[in-house]
Amino acid sequence: MIPAVQTALNTIVGRVTTLDHASGAGRIFELFVMTSMARGLRDAGFSVWLQRSDGTIIRPGDADRRFIQRGGAPAGVPAASAGSSNASVIGFRWGRRRKWEIWNGIQFAGRSAATHEIDISIVPGSVGTEIRKAGGIPVGRPRVAIECKDVGTSGSVDEMRAFIARLYDVTLLHAHHRHMHFPDARALHPGSPNEPKHRAIVTYWQENRRTKNIIARRTGFTAGTAPLGEYHRVEPHRDISVGSSTVDELVWSVVNWVRHNA
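What counts as what
- Residues numbered from 1 in each chain as written.
- Predicted model: local features only at pLDDT ≥ 70, side-chain atom pairs only at ≥ 80, totals over all residues.
- Heavy atoms only, no water.
- Helix = DSSP H or I, 4+ residues; strand = E, 2+ residues; numbered from the N terminus.
- Rg over C-alpha atoms; globule rule 2.2 N^0.38 Å.
- Buried < 20%, exposed > 50% of the residue type's maximum accessible area, 1.4 Å probe, protein only.
- Contact = heavy atoms within 4.5 Å.
- Areas by Shrake-Rupley, 256 points an atom, 1.4 Å probe, with all protein chains shown as cover.
- Polar contact = N/O pair within 3.5 Å; in protein donor to acceptor, adjacent residues only side chain to side chain.
- Core = buried A, V, L, I, M, F, W, Y, C linked by side-chain atoms within 4.5 Å.
- Expected span 1.5 Å × (residues − 1).
- Axes fitted to C-alpha atoms, helices over the stretch in contact; angles between N-to-C directions.
- Parallel < 35°, antiparallel > 145°, perpendicular 65-115°, else oblique.
- Left-handed = near helix turned anticlockwise from the far one by under 90°.
- Nonpolar A, V, L, I, M, F, W, Y, C, P; charged D, E, K, R; others polar.

1. Quick word on the overall build of the protein chain
Looking only at helices and strands, the protein chain has 7 helices and 11 strands in total. Its C-alpha atoms give the protein chain a radius of gyration of 17 Å, near enough to 18 Å, the size a compact globule of 262 residues would have. Dimensions of the protein chain, computed from the C-alpha atoms along their principal axes, are close to 50 × 45 × 35 Å. Counting all 262 residues of the protein chain, 52% fall into the buried class. Across the protein chain, contacts joining residues at least 24 apart in sequence account for 67% of those joining residues at least 6 apart. Surface accessibility of the protein chain: about 11300 Å² in total, with carbon and sulfur atoms responsible for 53%.

Right under this line is the structure:
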C-alpha cells in the first residue's frame, strides 16, 4: 500500500514528496484510506493540498516536502508554534467555499471527558486553525469519522458497537450545552463556523444522519453487524485493498457527502 500512498501524495503536490509514516500495517492502511479520499476529492474538482503541522502548505518548490504521519500514542492537535515536524494533514475546498481538513489519528473529547481516537476525521478548517493557536484536543464530533481495520478476521457486532459508543460520547446535542462552558451550541469545538449545519442539533438520530460515519475493513463483516450499523448510520465498507472497486465505492461515498456539505 505504501506505493499507492506515495503516488497519491506526489499527485496532490505535483512533485515527489517524502513519506514519513508510522510503523505497522494498520497505520499504512489508514494512510491508504486517507490519501485515496484526498485523491478522489482532487479528481472530483476540489482543490486539495498537503499541510504541515504548523499550518503551512507543502508546495512543489519547497525543499522540505515531507508528509508526516503521527507515531506513538494517540494525541490531540499540536500547536503551530511546536513547528512543522508533527503530523501532517490534508486540506481541501470547493471553489471559494470554506476550507476543510482531513486528520489521521486525532483524539476527540466526549461529554464524559474521555478521549477517543478517530482514525480518519474530516473537520472544518477553522477548527484546525483555532486549535493550532495553542494545541489541544477538539471537543465534539467530526463531520466525517472513519474507523480503519486492517485485520484478517471479520468485523463483529462488538466492533460496531464500540465505534457507535465512541460516536455517542463525542456527540454534542443542543441540550448538552446547558451543562458546558462553550459560549455557543456547536457540534464541534472550538472554531466551528456559525452555520446551521455546524450548530448542535436536537437528537442523536438527526446527528447520525447529517454526519458521515464509516468502518473501512481489509476483510468483511459478520451478518449481525448490518442492522446495528444501519440503524445508527454507520456505513460498512469491506474488502478494501489497492486497485479494488470497493476503494472507489468508499471514496465516492465520502466525496458525494462532501459535495453536499462542504
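2. Brief notes about the side chain of T171
When you line up the elements, T171 lands in the loop between α4 (157–170) and β9 (188–189). Polar side-chain contacts of T171 include one of 2.6 Å to the backbone oxygen of L167. Every residue in contact with T171, bar those within four places of it in the chain, is listed here: R111, R141, H176, Y204 and E207.

3. Considering the nonpolar core
As a rule of thumb, soluble globular proteins bury nonpolar side chains together. F92, I102 and I146 are the most contacted members of the largest nonpolar core, which has 39 residues in total. Ranked by residues supplied to this core, first place goes to helix α2 (residues 25–43) with 8 residues. Not counting residues within four places of it along the chain, the set of residues in contact with I102 comprises M34, M37, L41, V89, I90, F92, I120, S121 and I122. In this structure, W103, I118, V123 and F221 belong to the second largest nonpolar core, which totals 19 residues.

4. A word on α2
The terminal C-alpha atoms of α2 lie 27 Å apart, and with 19 residues this matches the ideal 27 Å at 1.5 Å per residue to within 8%. Most of α2 is tucked away: 14 of the 19 residues are buried. With its phi angle positive at about 105°, G45 sits one or two positions after the end of α2.

5. Focus: the packing of α2 against helix α7 (residues 245–261)
Running from N to C, α2 and α7 cross one another at 55°; their axes reach a closest spacing of 9 Å. What the angle tells us is that α2 and α7 run oblique. α7 is crossed by α2, and the crossing has right-handed handedness. Counted together, F32, V33, S36, M37, G40 and L41 of α2 and V247, L250, V251, W252, V254, V255 and V258 of α7 form the full contact between these two elements. Across the contact of α2 with α7, the residue classes break down as 11 nonpolar, 2 polar and no charged.

6. Thoughts on the environment of I28
For I28, the location among the structural elements is in helix α2. Judged by relative accessible area, I28 falls into the buried class, the value being 10%. Apart from the residues within four sequence positions on either side, I28 is in contact with M1, I2, V5, H21 and A22.

7. Observations concerning unusual backbone geometry
In this chain, H189 is followed by P190 through a cis amide linkage whose omega measures -10°. Tracing the backbone through its elements, the reader meets P190 in the loop between β9 and α5 (204–210). Unlike most non-glycine residues, A113 shows phi in positive territory, near 80°. Taking the relative accessible area as the measure of exposure, A113 reaches 65% and is therefore exposed.

8. Some words on the environment of L41
Its location among the elements puts L41 in helix α2. Each C-alpha atom, one on L41 and one on E101, is 12 Å from the other, the two residues being 60 residues apart in sequence. When residues no more than four places from it in sequence are discounted, the contact partners of L41 are F46, V48, F92, I102, V255 and V258.

9. Quick word on the packing of helix α1 (residues 2–13) against α2
Viewed as axis vectors pointing N to C, α1 and α2 meet at an angle of 35°, and their least axial separation amounts to 9 Å. Relative to α2, the crossing made by α1 is left-handed. For the pair α1 and α2, contact is made by I2, A4, V5, T7, A8, L9, T11 and I12 and by I28, L31, F32, T35, A38, R39 and R42, respectively. Residues of the contact of α1 with α2, tallied by class, amount to 10 nonpolar, 3 polar and 2 charged.

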